[in-house]
Amino acid sequence: MSIVENAKAAAQGAAQTVMKKAIELAPDSWLPGGKPDPLIRNKHGLIGAPISRIDGPLKVQGKAKFAAEFPLQGMVYAAVAFSTMPKGRIAALDTGAAEAAPGVVLVMTYRNAPRMQPMPLFLTSEKAAGGDNLPIMQDDRIHWNGQPIAVVLAASQEQADHAKSLIRATYEVEPAITAFAEAKAQGTEPGMFMGQPLKAEIGDAEAALAASPVSIDAEYTTPRHSHNAIEPHAATLAWNGDELIVHDATQAVVHTAWSLANVFGLDEKQVRVTSPYVGGGFGSKTLWQHQVLGAAAAKLAGRPVRIALSREGVYRMVGGRTVTEQRVAIGAEVDGRFTAIIHTGTVAMTRHNAMPEPFILPTRGAYAADSFKLDVEVAYMDMLANTFMRAPGESVGTFGLECAVDELAAKLGMDPIELRIGNEPEKDPTEGTPFSSRHIVEAWRAGAERFGWSQRNPSPGAVRKGEWLIGMGCATATYPYYRMPGGAARITLTKDGHARVEVAAHEMGMGTATAQTQVAAERLGLELDQVSFGYGDSIMPGAVLAGGSQQTASIGAAVIAAHHALVAELLKLAGNNSPLAGLNADEVGGLDGGLAKLDEPERHESYASILARAQRDEVVVEAAAPPPMETQHWSMHSYGGMFCEARVNAVTGETRISRFLGSFDCGRILNAKTAASQFRGGIIMGLGMALMEETQFDERRGRVMNPSLAEYHVPVHLDVPEIDVVWTDIPDPHTPMGAHGIGEIGITGTGAAVANAVFNATGKRIRDLPLTLDKLM
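Residues numbered from 1 in each chain as written. Predicted model: local features only at pLDDT ≥ 70, side-chain atom pairs only at ≥ 80, totals over all residues. Heavy atoms only, no water.

Next up on the list: the overall build of the protein chain. In terms of helices and strands, the protein chain carries 19 helices and 32 strands. For the protein chain, the C-alpha radius of gyration of 27 Å lies close to 28 Å, the compact-globule estimate for 777 residues. With respect to the principal axes defined by its C-alpha atoms, the protein chain has extents near 80 × 75 × 60 Å. The buried share among the 777 residues of the protein chain stands at 60%. Total accessible area computed for the protein chain in this model is approximately 29300 Å², and 53% of it derives from carbon and sulfur atoms. Distance from the positive charge centre (68 side chains) to the negative charge centre (86 side chains) of the protein chain: 3 Å. (Helix = DSSP H or I, 4+ residues; strand = E, 2+ residues; numbered from the N terminus. Rg over C-alpha atoms; globule rule 2.2 N^0.38 Å. Buried < 20%, exposed > 50% of the residue type's maximum accessible area, 1.4 Å probe, protein only. Areas by Shrake-Rupley, 256 points an atom, 1.4 Å probe, with all protein chains shown as cover. Lys, Arg positive; Asp, Glu negative; His and termini not counted. Charge placed at Lys NZ, Arg CZ, Asp CG, Glu CD.)

It is worth spelling out the sheet that holds strand 2 (residues 88–94) at this point. With antiparallel pairing, the three strands of this open sheet are ordered in space as 4-2-6. The open sheet has two free edges, formed respectively by strand 4 (141–142) and strand 6 (168–173), since each of these has just one partner strand. (Pairing = 2+ DSSP bridges.)

A word on empty space enclosed by the protein. In total, this model carries six cavities of 30 Å³ or more according to the counting rule given. In this structure, the largest cavity occupies an estimated 220 Å³ of space. Taken together, 21 residues make up the lining of the largest cavity; nearest its centre are Arg224, Gly320, Leu384, Thr695 and Val704. When residues in the lining of the largest cavity are grouped by element, the largest group, three residues, is from helix 9 (residues 311–317). (1 Å grid on protein atoms, 1.4 Å probe; cavity = no way out; pocket = protein on both sides within 12 Å on 5 of 7 lines; lining within 4 Å. Points joined across faces, edges and corners; volume = space filled by probe spheres on them.)

To continue, consider the packing of aromatic side chains. When we look at a pair of aromatic rings, we describe it by the centre distance and by the angle of the planes. Under the definition given, this model contains 14 aromatic pairs. Residues phenylalanine 338 and tyrosine 367 carry aromatic rings whose centres are separated by 5.7 Å and whose planes lie at 80° to one another, so their mutual orientation is edge-to-face. Taken as a pair, phenylalanine 338 in strand 17 (residues 338–349) and tyrosine 367 in the loop between helix 10 (361–365) and strand 18 (372–380) lie far apart in primary sequence, 29 residues in all. Accessibility expressed as a relative area gives 1% for phenylalanine 338, which makes it buried. Seen from their ring centres, tyrosine 479 and tyrosine 482 are 6.0 Å apart, and the 80° between their planes marks the pair as edge-to-face. For tyrosine 479, a relative accessible area of 4% puts it in the buried group. We classify tyrosine 482 as buried; its relative accessible area is 18%. The structure contains a cluster of three or more aromatic residues connected by ring pairs, namely Trp444, Phe451, Trp453 and Phe643. Across from the ring centre of phenylalanine 697, 4.1 Å away, lies the NZ or CZ of arginine 224, which sits over that ring. The ring of phenylalanine 451 is capped by arginine 659, whose NZ or CZ atom sits 4.0 Å from the centre of that ring. (Phe/Tyr/Trp six-rings, centres within 6.5 Å; stacked < 30°, edge-to-face > 60°. Lys NZ or Arg CZ within 6 Å of the ring centre and 35° of its normal.)

What follows deals with the confidence of the model for the protein chain. Model confidence for the protein chain is summarised by a mean pLDDT of 95, while 98% of its residues fall at 70 or above. Per-residue pLDDT stays below 50 along residues 1–11; that stretch engages in two contacts with residues further than four places along the chain or on separate chains. (pLDDT = per-residue confidence, 0-100. Contact = heavy atoms within 4.5 Å.)

In space, the three strands of this open sheet follow the order 24-25-26, with antiparallel pairing throughout. Bordering the open sheet on either side are strand 24 (588–591) and strand 26 (600–606), each of which pairs with just one other strand. The average angle at which neighbouring strand axes cross in this sheet is 35°, direction not considered. As defined by bridge partners, strand 24 adjoins strand 25 (residues 594–597) across four bridges and the pair is classed as antiparallel. Its bridge partner being in strand 25, leucine 591 is matched across the sheet by glycine 594. (Axes fitted to C-alpha atoms, helices over the stretch in contact; angles between N-to-C directions.)

Moving on to helix 13 (residues 440–451). Over its 12 residues, helix 13 extends 16 Å from the first C-alpha to the last, a length consistent with the 16 Å expected when each residue adds 1.5 Å. Those residues of helix 13 lying buried are Ile440, Ala443, Trp444, Gly447, Ala448 and Phe451. Viewed end-on, helix 13 has its buried residues packed into an arc of 125°, placing them on one side of the element. Opposite the buried face of helix 13, by more than 90 degrees, sit the exposed residues Glu449 and Arg450. The inward-facing, buried residues of helix 13 contact helix 12 (416–422), strand 20 (468–480), strand 28 (637–649) and strand 29 (655–665). (Expected span 1.5 Å × (residues − 1). Arc of directions from axis to C-beta.)

Moving on to the environment of aspartate 140. Among the structural elements, aspartate 140 can be located in the loop between strand 3 (104–108) and strand 4. Considering only alpha carbons, one finds aspartate 140 and arginine 111, 29 residues apart in sequence, at a separation of 8.5 Å. Apart from the residues lying within four places of it in its own chain, the contact partners of aspartate 140 are Gly88, Arg89, Ile90 and Tyr110. Within the local environment of aspartate 140, its side chain forms a polar contact with the side chain of arginine 89, the two groups lying 2.9 Å apart. (Polar contact = N/O pair within 3.5 Å; in protein donor to acceptor, adjacent residues only side chain to side chain.)

The geometry of helix 11 (residues 394–412) relative to helix 19 (residues 750–762) is characterised by a closest axis approach of 8 Å and an angle of 35° between their N-to-C directions. The hand of the helix 11/helix 19 crossing is right-handed. For the pair helix 11 and helix 19, the contacting residues are Thr398, Phe399, Glu402, Cys403, Asp406 and Ala410 in the first and Gly751, Ala752, Ala755, Asn756 and Phe759 in the second. Looking at the contact of helix 11 with helix 19 residue by residue, the class counts come to six nonpolar, three polar and two charged. (Left-handed = near helix turned anticlockwise from the far one by under 90°. Nonpolar A, V, L, I, M, F, W, Y, C, P; charged D, E, K, R; others polar.)

Let us now look at the nonpolar core. Counting residues in each nonpolar core, the largest one holds 81 residues, and the members touching the most others are Ile330, Leu408, Phe660, Phe679 and Val754. With sequence-adjacent residues up to four places away left out, isoleucine 330 is seen in contact with Leu209, Val214, Ser215, Ile216, Phe338, Ala340, Ile341, Ala404, Val405 and Leu408. Within the second largest apolar cluster, 46 residues are counted, among which are Leu153, Ala235, Val253 and Ala543. (Core = buried A, V, L, I, M, F, W, Y, C linked by side-chain atoms within 4.5 Å.)

So, in structure tokens, the structure goes:
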């Protein structure tokens, strides 16, 4: 960076520090969440009810259209050819046989692709969605093994796939860094996440560790993980003059539209992205090169294009979780009080993305200690850009942290739960801010009783049934409450008492449409069938990302703002002859198909009556949520106590999970049925991380070697026991509806709970995921 750039960065950093301090010191009432959402008081209504997904009938009947199911006139099918070396240039590219193959319409390479800008890199701008910022088929350069080198368009998918196999490429290979050890030897750089350094020091943790009567100091490693959503990445794209229509499998419709507009030099309004149904995302379904290539090929061919990645294509083109090496050291007094927590280490990353795996995040707020040393360093490699994957940071960070806590408990001769509870912080231990809501002790107590933790034998290897060694383990789950800027909503209320709420949000199988319909109906005082929820279209209001477990909060805050605007407008229309005359919007809420004074519900008038008197068929309002300043004023997190019973075969080393329970503290639960599904889904993904998931990466050539579900193992039915989930259901008074996001909390702590159960069963401490049988034989 230049002197001027350094000065700018320093000035921006100083300004952010001043602003953060001002927000921390501001009175609660000045901030979003300073006054509890009135819905928190509603104890017996639609919120929390176990309502089945409203889109369920469409899905089971096959009527829910996913991205690769939009038929367009004249559409052609795309297949992508990939590079087979990690760095260099294309020396020769023979596409003649492919172009002559039956059904082929076009072969696009760097020689004929339209001129395009790189994708705006995710996290570098409010609406940026790009997984990398490399030129896309603009030159002969190769940046990773698996980079697209050609796109074939044909009349059928089979013809496109066949023609792709006929392409022949030779390369001029350049030296590449494809081994993690080599990358570290080249030197590391400090990690940055969401504009902030992944580093914190409070006191002298190394000295405190050395002086501690009892301590643990160990290294934990986690491998690469690849995304395997049930629906592979796909898009159907068409140009109408200078306007681009994209039916995409995305968790960021507005971000994708804005980013594609930047790539093709268009105004944002010239790109429309729809995504009504998505078959899982987990952080991977933002903007990757396949959507850009599909749009470019459609432009070149003058025909609509469907580009649906094969499973191998997802492994080659879409990033996953990167490898981590973590040192966790904890010092304690003989009574178990923590004197030092050290969590440092190194992750691999590329130069063309902005996602170091932030594994220290859970350690920032989990436990009280006299001193902290937290640091993530980055080693750069020539590989596919890594990206967000369910609970980035927390999923793998809790493995290191929570295994270390368990090791310390064993060394102290203490119950692992009591050690954790004994180190509960009164305020955020690294930020100093008060907790908005923290009831993890209640979660631990309830979970321990339900799981039968008191029956655990603390002596490792003491419980055996035939060939099977049996053990119990536990771990803390934690994930932050996020709410990103950009939330907005539109409410249309008709004279017959029906309402439609529209937000550019997403439904990826987690029950968004159902839960948000419940919330909107409750807020408006309507029945469930009187409310519809529109989402998945970039022309709708807001820029809401379905990631970071923040979509619920973002939609909630936006709908609160829009509802306030609606009430204000209705009070104007009601006039002086209404029972509501003289009231302001803060005094009024929805009740029984109309508006009523919150503390005097008999002062009520129906929506139909208000609109009839005003001679209006409908009222339409749109409003934006306030900036998410609450996240800097309070320390806001979801929590859980994770309990595992594992059985390890003493002969073969095979591990089976026989029971699992998650006891969660995530604010108010909006839908008991969809929430339980989310909790269980996260736990199942955590079981996969613990026992089997690993992307096999050839460090000689930088190539993923197991790019299929035949070779990359994920849990199947026989791997998953009955999973019990319970929750505190205690509202957070400072969040919309009193709720927290729940999409990621289930995977956090699960890997550690499994590893700790395996230790209790066998006496073997495995610090390297996954816990495969070769490590236990």
